[in-house]
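For reference, the chains in residue letters:
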Amino acid sequence: MDQNEDNSNPEDEQNMEDDSENSCDVMDQEVQVDFEARNPEVTDFHGIKRLLQQLFLKANINTSELADLIVSQNYIGSVIKQCDDSMEDSDEDEDNTDSDTVFGVISLINLTDKKDIECVKQIKSMLLDKCSECSKEQRQELTTLLHSDSKQVGLLISERFINIPAQISAPMYDSLRKEMDRAIKKKMKYSMDYILLITKVYKPMLRKAYSSAKKKNRKQPVEQTMFVNAEEECFMEAAVLSFDYSVAHECDTAVGGQWDEDADEMQSFRRVMVIPGDQFDPVITKIKENYSTPAA
């Protein structure tokens, strides 16, 4: 037999090309997944705890107790779950593991009313510790706020998977506000004098930028900040107290990005913001204006 003889079958080659094209088509398809907000249930405990851990990282916070607290007051707040209709369309071989996945959570904890719960004590202690490098006025203001028995201070919890778009936040904040109003009518302690939020942000490590500016006798670069949950930037204008603390040593990696030509990698921080309770509605209105999904 001639060694140069071609034994390939034209039909087989065509089938292989078709399979390759079909594979590429599948890779290019967008997966449409619908989400819905529900009140937290006991089965959501582990999912809520996982989201709390991505916020507090290695801080000494009993996230199990905090997750239990969120579930126990399920009349306030929501969890993001995959819609049942989406689950019916998913592969049965996945054993419906996504049905128990909590993709996001929003809730409000009254730090004043729950002051005797261990995880609340730990959160207050952590905040005061992280504010150790703040100005004297800021430390005093935060200390007074967290130790006051006359002022109702609410801790706003708003966490979700990083790939869940900000548009989902608008109805969740709207729902939270309505649930707070219903609770207030029932004489429950959800009329807040202040609302405190711990949000995840990234800032560039500007060592190269500062060095370059100094060498070229240029103006020092302005620090840029990226909010992981984009809508949380709406709280900044209303904040009467805010400070950042680095969690870079608690994270596995930093994040790269096109921020500044002289910038290094992005470093992970937490930003603490405190707004007056009467500013919560205007902030929610701003979130809805900027992040609501347009009507079909």
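Note that the structure is a prediction, hence the values are computed from the model and not measured.

## Quick look at the overall build of the protein
So, point 1. A count of helical and extended segments in the protein gives 9 helices and 8 strands.
So, point 2. Sequence separation of 24 or more characterises 79% of the internal contacts of the protein that already satisfy a separation of 6 or more.
So, point 3. Per element, the accessible surface of the protein, about 17400 Å² overall, is 44% carbon and sulfur.

## Structural notes on the side chain of Thr101
So, point 1. Within the element layout of this structure, Thr101 appears in the loop between helix H4 (84-89) and strand E3 (104-110).
So, point 2. Judged by its relative accessible area of 17%, Thr101 falls in the buried class.
So, point 3. Once you skip the residues sitting within four places of it in the chain, Thr101 turns out to touch Ile80, Lys81 and Phe161.

## What about the nonpolar core?
So, point 1. Residues Ile48, Phe56, Leu127, Leu196 and Ile198 are the most contacted members of the largest nonpolar core, which totals 39 residues.
So, point 2. Among the elements that line this core, the one with the most residues is helix H2 (residues 45-56), at 6 residues.
So, point 3. In contact with Leu127, other than residues within four places in its own chain, are Leu142, Leu146, Leu196, Ile198, Phe243 and Val272.
So, point 4. Of all hydrophobic cores here, the second largest spans 32 residues; its members include Ala170, Leu197, Val201 and Ile275.

## Some thoughts on the packing of helix H7 (residues 169-185) against helix H9 (residues 280-291)
So, point 1. Put simply, H7 and H9 touch, their axes get as near as 8 Å, and they point 155 degrees apart. In terms of orientation, H7 lies roughly antiparallel with respect to H9. Every pair of crossing elements has a handedness; the one defined by H7 and H9 is left-handed. Residues Ser169, Ala170, Tyr173, Asp174, Leu176, Arg177 and Met180 of H7 touch H9, and the partners they reach there are Phe280, Asp281, Ile284, Ile287, Lys288 and Tyr291.
So, point 2. Its residues assigned to classes, the contact of H7 with H9 shows 8 nonpolar, 1 polar and 4 charged.

## Things to note about empty space enclosed by the protein
It is a probe the size of a water molecule, rolled over the atoms, that shows where empty space is left.
So, point 1. The final tally for this structure, using the stated rule, is 2 cavities of 30 Å³ or more.
So, point 2. Taken as a whole, the largest cavity holds about 60 Å³ of empty space.
So, point 3. Together, Ile80, Gly104, Val105, Ile106, Ser158, Glu159, Arg160, Ile168, Ser169, Met172 and Tyr173 line the largest cavity.
So, point 4. Elements with a minimum of two residues in the lining of the largest cavity: E3, strand E4 (153-160) and H7.

## A word on the packing of aromatic side chains
So, point 1. Tallied over the entire structure, the rule returns 6 aromatic pairs.
So, point 2. Aromatic side chains Tyr173 and Phe235 sit 6.0 Å apart centroid to centroid with 50 degrees between the ring planes, which places their arrangement in the tilted category. Of this pair, Tyr173 sits in helix H7 while Phe235 is found in the loop between strand E6 (226-227) and strand E7 (241-246), placing the two residues 62 residues apart along the sequence.
So, point 3. According to the relative accessible area criterion, Tyr173 is buried, its value standing at 0%.
So, point 4. When the centroid spacing of 6.5 Å and the interplanar angle of 35 degrees are considered together, the rings of Phe235 and Phe280 count as tilted. Placement of the pair is Phe235 in the loop between E6 and E7 and Phe280 in helix H9, with a sequence separation of 45 residues.
So, point 5. Members of the aromatic cluster, each reached through a chain of ring pairs, are Phe35, Phe103 and Phe161.

## Topic: the pattern of salt bridges
Side chains that differ in sign of charge can pair as their charged atoms come close.
So, point 1. This model, assessed by the stated rule, comprises 14 salt bridges.
So, point 2. The shortest N-O distance in the salt bridge between Lys203 and Asp244 comes to 3.0 Å. Taken together, the positions of Lys203 in strand E5 (residues 194-204) and Asp244 in strand E7 put the pair 41 residues apart, joining distant regions of the chain.
So, point 3. On the accessibility criterion, Lys203 (7% relative accessible area) is buried.
So, point 4. One salt-bridge network, in which partners are shared between bridges, spans Asp113, Lys114 and Lys189.

What counts, and where the lines are drawn
Every residue gets a number counted from 1 within its own chain, in the order that chain's sequence is written. Where totals are concerned, whole chains, interfaces and linings use all residues; where local detail is concerned, this predicted model gives features only for residues with pLDDT of at least 70, and gives and counts side-chain atom pairs only at 80 or more. Calculated side-chain values reflect all of the structure's heavy atoms, with hydrogen atoms and water omitted. Helix and strand assignments come from DSSP, with helices taken as H or I runs of at least 4 residues and strands as E runs of at least 2, each series counted from the N terminus. Two residues qualify as a contact provided that any one of their heavy atoms is within 4.5 Å of a heavy atom in the partner residue. Methods summary: accessible areas were calculated by the Shrake-Rupley approach with a probe of 1.4 Å, and residue burial reflects only the protein chains presented. With a 1.4 Å probe rolled over the protein chains alone, any residue whose accessible area is under 20% of its type maximum counts as buried; one over 50% counts as exposed, and the rest are partly exposed. Buried Ala, Val, Leu, Ile, Met, Phe, Trp, Tyr and Cys residues form a nonpolar core when they are joined through side-chain atoms within 4.5 Å. All axes are obtained by fitting lines to C-alpha atoms, using only the stretch in contact for helices, and the reported angles, taken between N-to-C directions, cover 0 to 180 degrees. Roughly parallel refers to an angle under 35 degrees, roughly antiparallel to one over 145, roughly perpendicular to one between 65 and 115, and oblique to any angle outside these ranges. The hand of a helix crossing depends on one turn: near helix anticlockwise from the far one by less than a right angle means left-handed, and clockwise means right-handed. Three classes are used, and their members are as follows: Ala, Val, Leu, Ile, Met, Phe, Trp, Tyr, Cys and Pro are nonpolar, Asp, Glu, Lys and Arg are charged, and the others, Gly among them, are polar. A cavity here means a set of points on a 1 Å grid, drawn over the protein atoms and nothing else, where a 1.4 Å probe fits but cannot get out; a pocket is an open set with protein on both sides within 12 Å along at least five of seven lines, and a residue lines either one if it has an atom within 4 Å of a point. Grid points are joined across faces, edges and corners, and a volume is the space filled by probe spheres set on the points. Think of it this way: a Phe, Tyr or Trp ring, Trp meaning its six-membered ring, pairs with another when their centres are within 6.5 Å, and the plane angle makes it stacked under 30 degrees, edge-to-face over 60, tilted otherwise. Basic side-chain nitrogens of Lys or Arg form a salt bridge, by our definition, when they fall within 4 Å of a carboxyl oxygen of Asp or Glu.

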